[in-house]
Amino acid sequence: MIAESGHYALVLALALALIQSIVPIVGARWRDAALMNVARSTALAQLLFVAASFAALVTLHVTSDFSVANVFENSHSLKPLLYKITGVWGNHEGSMLLWVSILALFGGLVAAFGNNLPLSLRAHVLAVQAWVASAFYLFILITSNPFLRIANPPIEGRDLNPVLQDIGLAVHPPMLYLGYVGFSISFSFAVAALLEGRIDAAWARWVRPWTLMAWIFLTLGIAMGSYWAYYELGWGGWWFWDPVENASLMPWLAGTALLHSALVMEKRNALKVWTVLLSILTFSLSLLGTFLVRSGVLTSVHAFATDPTRGVFILLILFVFIGGSLSLYAWRAPALKQGGLFAPISREGALVLNNLLLTTACATVFIGTLYPLALEVLTGEKISVGAPFFNFTFAPLFVPLLLAVPFGPLLAWKRGDLLGAAQRLMVAGIVALVAIAVVFAWTYGGATLAPLAIGLAAFVIMGALCDLAERIALFRIPLSLSLRRARGLPRATWGTVFAHAGLGVALIGIVCETTWNSEYIGSMKPDDVAKVAGYELRLDGLNPRQGPNFREMVAQFTVTRDGEKVSVMTPSKRNFTTRGASTTEAALLTRGASQLYISLGDTSADGAIAVRIYHKPLVLMIWWGPVLMAFGGMLSLSDRRLRVGAPKPAKAAARALQAAE
Amino acid sequence: MMRSRTLAAAALAATLMLGAMPARAVLPDEIMADPAKEARARELSKELRCMVCQNQSIDDSEAPLARDLRLLVRERISAGDSDRQVIDFLVARYGEFVLLKPRLNEHTLVLWLTPPLALLLGGLALWRLGRRRANPAAGGGDSTPGLTSDEEARLERLLAAESAPDKPL
């Protein structure tokens, strides 16, 4: 009954989406407010029905209803409750349902909080949103229905892939999807602008908060996924340039570019045509990512060829939306007038450089991810494009980008003073040089590039602080005045400082982890001692333990440094009975920003166990960086100038202002 | 056709094995006695693909094939091969597919040229656009047509709501 209700709710959502696709557009043509307002009600109702459908699937998983194929294949009655819930999106059908749920959520948010949008713009935005939604509802209903029943219900389920039985699954996919799908709003706004043939600075002001919100979630989602891979997969890597990761990195790079170009458009009414194109491209890359991950094309081109229904369907969606929106762009964009002249050396110029480098980086990831697939399909030849290729091509793009980051906020709009900006960055430059010298002296004879990279990171962080110091006139006026100025600064400015500093923080983590990582690989018996980076790790013993749906072998290590006990670490190896699969649960010990990392291998006949121990200096900074960036994004989002883009407080503020006049 | 089917089968087998076999990447018994040679082996391993895995280097992979390749790399290094000779040996045996950073040849030209060309063409386009717009004869005003007076007033109000100054300096 629940499964059928969930299925039916999804069908109703499709029906609502179809209405929302057509009626508001007709309304906009006829200038009929009632018809345009249909979009609002249908978007909210759609959210309600999709939420009901999603709740139905969650209920089925929680109650372990194995008569539903999706539950049978991905759940087990003994699985802890948390993983029963997260298991809902730990599979293809469920994750697509999460995808459309979030799409409906964003549509609902625009409907609920878009009161200050011009009526026809809101109608167009919601209609475009409904086109995307309809396509994906159809996709789910036709090829990936999560509510299918099994004729003869089995007693027990097959359990969820053990690697996915982790708190990471609770956070990572929803965050990532909030980001991915959030960009659909920018897309809808762009297509709506093209349909209406009108676009202005106010448009950018409305789009920016949505883009920012999606970007924050995507940033956190990617960082979270990276940390999850780091501790769960057991070899201490945190970024693999895997096509699945690249699929999320591409919209992030394009979305970051979009954030910056929308800024130019909002402030200076320039880069309009480009911003619209970026909005379209960013969501197109999200769709491409969905295709890459969901069609099975990555596993192998042949897996795709043997069961092409899903892949071909998404490919079709891809062609229709990307092709359609780009054709519309080619047709209508020339009509959009360019505005806002600026000199090459200016805030706008810096943001254009940012866009050039970010989109090139995005193109690099794009070609690197898709080239092997294309080459195999076209010529049958197989090549590999992996981490070495991306590291090699990415660095030359990111070094100039990072060098330019501190200059951007210090340049004035329209016409900037590069020399003046450089003078104000003097302190940052000096700190960077000192950092290079210190690191170089400290690691004398070691890596040569690493100290330079650390210097670059120091420059980026100090550059962000210099910008702040400059704005509050630190040390030039009394400190109390500076503090008052700091309080008065727009939150968006604080956001920029945090986000830019976050880049530098992440870079330090990346450089330290890749350059000064120490490791121990060996076979250990109880009472053996391993020495890594000044720590001594003694294997106390191996103990078996029974978990809810697994058995595990726990190794206990006592960690000492200079004879003093630091802590106890307990890595383990789990065996999941149902799937016959096992996972390695690495043990992590955090010391400041650095971590000790132990993961276990196989036991040999003589009772020794293969052990890998890493010391990863400052590794946590890799994820603090993105967290800082996201925090900066949130500060910026809470800026009252952006909240003007949100409805009620803005109206109240405007009214208060009018009353004051 | 035959080759592609065996590859697909191998990939499938590898996926199954990956689920069942949690052995770690480099195993203790593989490590070479000479730390310098071992370091070279590790660096080389990062450039080589485990052919039955999804985008994993043999340094990361836990598949049996990756172990065989790691041992092979170490064998070649012990035999006195240079890094280049080791790579050539593996390419001769397993084809270009084994390289995670493909070599530049006519098949990978597009791959290698895309990043620099994207940067170059993008820069060129910007430069030309800048020149055209700097030249007043080419037109390109600062005005935005299409706002009704209502909307103008509304925009004014929205902009007025922005009280805090946001100018550098």
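The model shown is predicted, which means the values in this text are computed figures rather than measured ones.

A.B. asks: How would you explain the sheet that holds strand S8 (residues 587-591) of chain A if you had to name every residue and give the values?
C.D. replies: All names here are of chain A. With respect to topology, 4 strands assemble into an open sheet ordered S1-S10-S9-S8, the strand pairing being antiparallel. Two strands lie at the open edges of the sheet, namely strand S1 (518-524) and S8, each paired on one side alone. Sheet twist, expressed as the mean angle between neighbouring strand axes with direction ignored, is 15°. With 7 bridges joining them, strand S9 (residues 594-603) and strand S10 (residues 609-616) adopt antiparallel strand pairing. Counterpart to Ile598 in the pairing with S10 is Ile613. Packed onto the sheet, helix H8 (residues 201-232) meets S8, S9 and S10 and runs at close to 45° relative to S9.

A.B. asks: Explain helix H4 (residues 83-94) of chain B to me, using residue names and the numbers behind them.
C.D. replies: Residue and element names in this part refer to chain B. In a regular helix each residue adds 1.5 Å, so 12 residues correspond to 16 Å; H4 covers 16 Å between its end C-alpha atoms and thus fits that length. Where H4 is concerned, the buried positions are Val86, Ile87, Leu90 and Val91. Relative to the axis of H4, the buried residues are bounded by an arc of 130° and lie together on one face. In H4, the exposed positions that point more than 90 degrees away from the buried face belong to Arg84 and Ala92. Summarising the contacts, the buried residues of H4 are in contact with helix H2 (35-47) and helix H3 (64-78).

A.B. asks: Account for the state of the cysteines, with residues named and values stated.
C.D. replies: All names here are of chain B. Evaluated as defined, the whole model comprises 1 disulfide over all chains. Across a sulfur-sulfur distance of 2.2 Å, Cys50 and Cys53 are joined as a disulfide pair. The sign of the S-S torsion, about 55°, decides the handedness of the disulfide formed by Cys50 and Cys53: right-handed. Here Cys53 falls in the buried class, since its relative accessible area comes to 5%.

A.B. asks: Explain the packing of aromatic side chains residue by residue, including any values.
C.D. replies: Taken as a whole, this structure holds 24 aromatic pairs over all chains when the rule is applied. On the numbers, 6.3 Å between centres and 20° between planes, the contact of Tyr177(A) with Tyr180(A) is stacked. Taken as a pair, Tyr177(A) and Tyr180(A) lie in helix H7 (residues 167-196) at a separation of 3 residues, close to a single helical turn. Here Tyr177(A) matches Tyr180(A) in class, with each residue buried. Note on Trp239(A) and Trp241(A): the rings are 6.0 Å apart at their centroids and 90° apart in plane angle, and the pair reads as edge-to-face. You can call Trp241(A) buried: its relative accessible area is 9%. Counting every residue linked through ring pairs, the aromatic cluster contains Trp239(A), Trp241(A), Phe389(A), Phe390(A), Phe392(A), Phe394(A), Phe398(A) and Trp112(B). The ring of Tyr614(A) carries the charged tip of Lys616(A) above its face, separated from the ring centre by 4.7 Å. The ring of Phe89(B) has Arg76(B) lying over it, and the distance from NZ or CZ to the ring centre is 4.4 Å.

A.B. asks: Can you tell me about the pairing of strand S3 (residues 535-546) of chain A, naming the residues and giving the values?
C.D. replies: All names here are of chain A. In the sheet, strand S2 (residues 529-532) pairs with S3 via 4 bridges, with the strands oriented antiparallel. Paired with Val529 across the strands is Arg538, a residue of S3. In sequence, S2 turns back onto S3 through a hairpin of 2 residues, with Ala533 there showing a positive phi of about 50°. By the bridge criterion, 11 bridges tie S3 to strand S4 (residues 550-561) in an arrangement that is antiparallel. Within S4, the position partnered with Asn543 by the bridge is Val554.

A.B. asks: Pulling in residues and values, what's your account of the environment of Trp112(B)?
C.D. replies: With respect to the helices, strands and loops of the structure, Trp112(B) is situated in helix H5 (residues 109-134). For Trp112(B) and Pro102(B), which are 10 residues apart along the polypeptide, the C-alpha to C-alpha distance reads 8.9 Å. Trp112(B) has contacts with Phe389(A), Phe392(A), Thr393(A), Lys101(B), Pro102(B), Arg103(B) and Leu104(B), leaving out every residue within four places of it along the chain. Within polar-contact distance, the side chain of Trp112(B) engages the backbone oxygen of Pro102(B) at 3.0 Å.

A.B. asks: Report on a nonpolar patch on the surface, specifying residues and quantitative values.
C.D. replies: Residues and elements named next belong to chain B. Together, Leu104, Leu109, Val110, Leu113, Leu117, Leu120, Leu121, Leu124 and Trp127 line one region of the surface with nonpolar side chains, adding up to about 900 Å² of accessible area. With respect to the helices, strands and loops of the structure, Trp127 is situated in helix H5. Judged by its relative accessible area of 54%, Trp127 falls in the exposed class.

A.B. asks: Quick one: what's the story with the pattern of salt bridges, residue by residue and with numbers?
C.D. replies: All names here are of chain A. Evaluated as defined, the whole model comprises 26 salt bridges over all chains. A salt bridge links Lys382 to Glu376; its shortest N-O distance comes to 3.6 Å. For the pair Lys382 and Glu376, a shared accessibility class is recorded, and that class is buried. Close ionic contact of Arg471 with Asp467 constitutes a salt bridge, the shortest N to O distance being 2.9 Å. Here Asp467 and Arg471 lie together in helix H18 (residues 449-471), a separation of 4 residues that amounts to about one turn. Relative accessible area serves as the criterion here: at 11%, Arg471 is assigned to the buried category. Here Asp467 falls in the buried class, since its relative accessible area comes to 3%.

Conventions adopted
Residues numbered from 1 in each chain as written. Chains lettered and ligands numbered in written order. Predicted model: local features only at pLDDT ≥ 70, side-chain atom pairs only at ≥ 80, totals over all residues. Heavy atoms only, no water. Pairing = 2+ DSSP bridges. Helix = DSSP H or I, 4+ residues; strand = E, 2+ residues; numbered from the N terminus. Axes fitted to C-alpha atoms, helices over the stretch in contact; angles between N-to-C directions. Contact = heavy atoms within 4.5 Å. Expected span 1.5 Å × (residues − 1). Buried < 20%, exposed > 50% of the residue type's maximum accessible area, 1.4 Å probe, protein only. Arc of directions from axis to C-beta. Disulfide = S-S within 2.5 Å. Phe/Tyr/Trp six-rings, centres within 6.5 Å; stacked < 30°, edge-to-face > 60°. Lys NZ or Arg CZ within 6 Å of the ring centre and 35° of its normal. Polar contact = N/O pair within 3.5 Å; in protein donor to acceptor, adjacent residues only side chain to side chain. Patch = residues over 30% accessible without salt bridge, like charges linked within 9 Å, V, L, I, M, F, W, Y side chains within 5 Å. Areas by Shrake-Rupley, 256 points an atom, 1.4 Å probe, with all protein chains shown as cover. Salt bridge = Lys/Arg side-chain N within 4 Å of Asp/Glu carboxyl O.

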